Amino acid sequence: MAQVEKRGGLLRKSSASKKPLKEKVVLMYDEIFMTEDPSKCSPRFWEELFLMKVNLEYLEGKLESLDGEELMKIKDNINCLFQHCIQALGEEHPIRVVNALQTLCALIRGVHQKNKSTSGFDIINMLMGFDKAELCMKNLMESLDSLLCAEGSESLKSLCLKLLLCLVTVTDNISQNTILEYVMINSIFEAILQILSHPPSRREHGYDAVVLLALLVNYRKYESVNPYIVKLSIVDDEATLNALSEYNRQYKDKEEEHQSGFFSALTNMVGSMFIADAHEKISVQTNEAILLALYEAVHLNRNFITVLAQSHPEMGLVTTPVSPAPTTPVTPLGTTPPSSDVISSVELPLDADVQTSNLLITFLKYSSIVMQDTKDEHRLHSGKLCLIILTCIAEDQYANAFLHDDNMNFRVNLHRMPMRHRKKAADKNLPCRPLVCAVLDLMVEFIVTHMMKEFPMDLYIRCIQVVHKLLCYQKKCRVRLHYTWRELWSALINLLKFLMSNETVLLAKHNIFTLALMIVNLFNMFITYGDTFLPTPSSYDELYYEIIRMHQSFDNLYSMVLRLSTNAGQWKEAASKVTHALVNIRAIINHFNPKIESYAAVNHISQLSEEQVLEVVRANYDTLTLKLQDGLDQYERYSEQHKEAAFFKELVRSISTNVRRNLAFHTLSQEVLLKEFSTIS
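Residues numbered from 1 in each chain as written. Predicted model: local features only at pLDDT ≥ 70, side-chain atom pairs only at ≥ 80, totals over all residues. Heavy atoms only, no water.

Chemist: Help me out: how do you make sense of unusual backbone geometry in this one?
Modeler: Negative phi is the rule for most residues except glycine; trans is the rule for most peptide bonds. The phi angle at Arg 220 is positive, at roughly 45°, despite the residue not being glycine. When you line up the elements, Arg 220 lands in the loop between α12 (199–217) and α13 (227–234). For Arg 220, a relative accessible area of 22% gives the class partly exposed. You will see that His 604, though not glycine, has its phi angle at about 50°, which is positive. (Helix = DSSP H or I, 4+ residues; strand = E, 2+ residues; numbered from the N terminus. Buried < 20%, exposed > 50% of the residue type's maximum accessible area, 1.4 Å probe, protein only.)

Chemist: For this particular structure, what's the right way to read the confidence of the model for the chain?
Modeler: Low pLDDT marks stretches whose predicted atomic positions should not be read closely. Per-residue confidence for the chain gives a mean pLDDT of 80; residues scoring 70 or more make up 77%. Across the chain, the element-wise mean pLDDT spans from 33 in helix α15 (residues 253–258) up to 97 in helix α23 (residues 457–477). Note on residues 1–7: pLDDT is under 50 here. Beyond four places in sequence and across chains, it has 13 contacts. The low-confidence segment residues 238–260, where pLDDT is below 50, has 71 contacts with residues more than four positions distant or belonging to other chains. (pLDDT = per-residue confidence, 0-100. Contact = heavy atoms within 4.5 Å.)

Chemist: Would you mind going over the packing of helix α26 (residues 512–533) against helix α30 (residues 583–602) with me for this structure?
Modeler: Describing two packed helices takes the angle between their axes plus the distance from one axis to the other. Where α26 contacts α30, the two axes come as close as 9 Å, and the packing angle between them is 65°. On the side of α26, the interface is formed by Val 520, Phe 523, Asn 524 and Ile 527, while α30 contributes Asn 584, Ile 585 and Ile 588. A per-class count over the contact of α26 with α30 returns five nonpolar, two polar and no charged. (Axes fitted to C-alpha atoms, helices over the stretch in contact; angles between N-to-C directions. Nonpolar A, V, L, I, M, F, W, Y, C, P; charged D, E, K, R; others polar.)

Chemist: I keep staring at the packing of aromatic side chains and nothing clicks. Help me out?
Modeler: Tallied over the full model, the rule gives 21 aromatic pairs. Aromatic pair Phe 402 and Phe 410: ring centres 6.2 Å apart, planes at 55°, arrangement tilted. Owing to a relative accessible area of 9%, Phe 402 belongs among the buried residues under this scheme. Owing to a relative accessible area of 4%, Phe 410 belongs among the buried residues under this scheme. A network of ring pairs unites the aromatic residues Tyr 483, Trp 485, Trp 489, Phe 526 and Phe 533 as a single cluster. In this structure, Lys 62 packs its charged tip against the face of Phe 33, placed 5.8 Å from the ring centre. Over the face of the ring belonging to Tyr 529 we find Lys 475, whose NZ or CZ atom lies 4.6 Å from the ring centre. (Phe/Tyr/Trp six-rings, centres within 6.5 Å; stacked < 30°, edge-to-face > 60°. Lys NZ or Arg CZ within 6 Å of the ring centre and 35° of its normal.)

Chemist: Help me out: how do you make sense of the layout of surface pockets in this one?
Modeler: Regions of empty space are outlined by a rolling probe, equal in size to a water molecule, passed over the atoms. Considering only enclosed or pocket space, the second largest pocket measures out at about 560 Å³ in volume. Around the second largest pocket, the lining is made up of 25 residues, and of these Ile 461, Gln 465, Met 518, Tyr 635 and Glu 636 lie nearest the centre. Among the secondary structure elements, those contributing two or more residues to the lining of the second largest pocket are α20 (377–395), α23, α26 and α32 (640–662). If you tally residues by element for the lining of the second largest pocket, the top one is α23, at seven residues. Residues of the lining of the second largest pocket, tallied by class, amount to eight nonpolar, eight polar and nine charged. (1 Å grid on protein atoms, 1.4 Å probe; cavity = no way out; pocket = protein on both sides within 12 Å on 5 of 7 lines; lining within 4 Å. Points joined across faces, edges and corners; volume = space filled by probe spheres on them.)

Chemist: For this particular structure, what's the right way to read the state of the cysteines?
Modeler: Here a disulfide denotes a covalent bond joining the sulfur atom of one cysteine to the sulfur atom of another. On inspection of all chains with the given rule, the structure shows zero disulfides. Cysteine Cys 160 shares no disulfide, and the gap to the nearest cysteine sulfur, in Cys 105, comes to 9.5 Å. (Disulfide = S-S within 2.5 Å.)

Chemist: Help me out: how do you make sense of the pattern of salt bridges in this one?
Modeler: Pairing between side chains of opposite charge can happen when their charged atoms approach one another. Taken as a whole and assessed by the stated rule, the structure comprises 28 salt bridges. As a salt-bridge pair, Lys 162 and Asp 208 come within 2.8 Å of each other at their nearest N and O atoms. Highlighted residues: Lys 162 in helix α9 (residues 154–168) and Asp 208 in helix α12, separated in sequence by 46 residues. Taken individually, Lys 162 and Asp 208 each receive the classification buried, so the pair is uniform in this respect. Linking Arg 618 and Glu 611 is a salt bridge whose minimum nitrogen-to-oxygen distance equals 3.3 Å. A single salt-bridge network, built from bridges that share partners, covers Lys 384, Asp 458, Arg 462 and Glu 644. (Salt bridge = Lys/Arg side-chain N within 4 Å of Asp/Glu carboxyl O.)

Structure follows, in structure tokens:
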């Protein structure tokens, strides 16, 4: 018997002696694309249609091939198909439900492709008809809500989430997708929350659920009341707040079943995805969608901060990776879902003792990898988002209390970029310290490793702001942090040297004086208030030693800003602010340098040791006069709407495009579904 081949909905014998035969479902689609009502001649038309395996490619292609006028002629049949799909979602036979869900995906995508240039209202009319749209979408959302919350098939839940992602991402700018008004009115927040709070469904659908939530929260977020924002901002159930972060480590099943709640769930989801990414080491693809979800949770709901800090033990070295669920496709840049429960090598304990970890540690490690390479646009976005999340954390009173808690110590193995002039750190010698030390280490690492021609000015400003906010907390609460402050001071001075040596190149693109002023004011903060938060009196002495030792850099900076502030150029005002800010640093240098030279001359020493310089410093504090500078411990709080709206709009557009691109035909494949529903009762 001659083999039968299938192409584009056509069945034909390989001998090609006869006219190609069309699949029955394709013939039925063709009837829908006629102007006549297909059920006139065949009363069971719609009933039969949803028993046929969907041909997504043919249906979408057919919709795209018609021009606007031709599409309008068959509008009634399209409306009818849309309504019958919604009706079929209430059927008992899962095969009908599956086929209806897939048909809806094809319809929504096909009509949107066709109507790219027209408004959302035309699309609503084309799919449902204005008069029936409200009821149609109410029924659709209720059906999807029921399917997502039901005990039934995981494959059906997966398809429901795919359909919702399809609905949300059909336009590049989700705020222009008018159909989403109905998704706002008929909220599915509780259904998403339920999926994330139930460990088995979270493992299967967590990624899609988190991405869906992150996108819905960003629909017209500045223009109207978005119910998803409101609901996310008030989640605070006790069980959730106390739940441990178990997803990003392999826990025993019985333990896992007891952990529930939304925060715990989101923590687990996000943590596991960072680990999945970190597993890639330096070639990690950034996961913007998951970072956005973490940002929204941290930014909108201060209760979530408490969960970031929840500790749990890291597991031992023996792990058994679990294969990812077949319903989750592997997707490229920006939307890569994680493999389930795979523990990355970077997450392993550093010695035989069991260590503790939490989402914040996982996030800091992930950030240390992502923030290394900011040349690629996606990584730049992700690096910026990591710093924005850290900014929100650094402003939060509870987060700071946890970060600075001397009784909560952790080893955090941040990734350090290999550099020729420094030794590779021995990981096993990492000390246990309060988590704020790891945040400061991450900021110092960023400062040291990004002095390059394509200077990431925006990231540097955010980085210095994070350090400043942490210092403000330490000053306010008189926290004496045992940290190697010299590393920070040295990094800041090297950054100033870089700005000066590349003045011409950098000034062509950036106002370098904003950054220079922030760096100088960090030193002023240490000079003015250091006695309240530096760990010991000798730390304060070391600060003066470092300023005196590097006096040439501060002298050069003063010369540069003085030159530009006395000229009538565009930088006059910005440079003069730095000139005024340098007053105390210059006073320290001008006060101590002659005394150090005099000490060397009297004692006939050509090169003074550090201890000898410190001796001179300690002996001459009394005669030093400094000016009190106002506002050093003040900062402007983070505001998304006023400062970051354009960034988030662009980020959401990028995520939406990636999600849409990766909802390919094969991700809606029926093979798994048909196996699951092989018998129709």
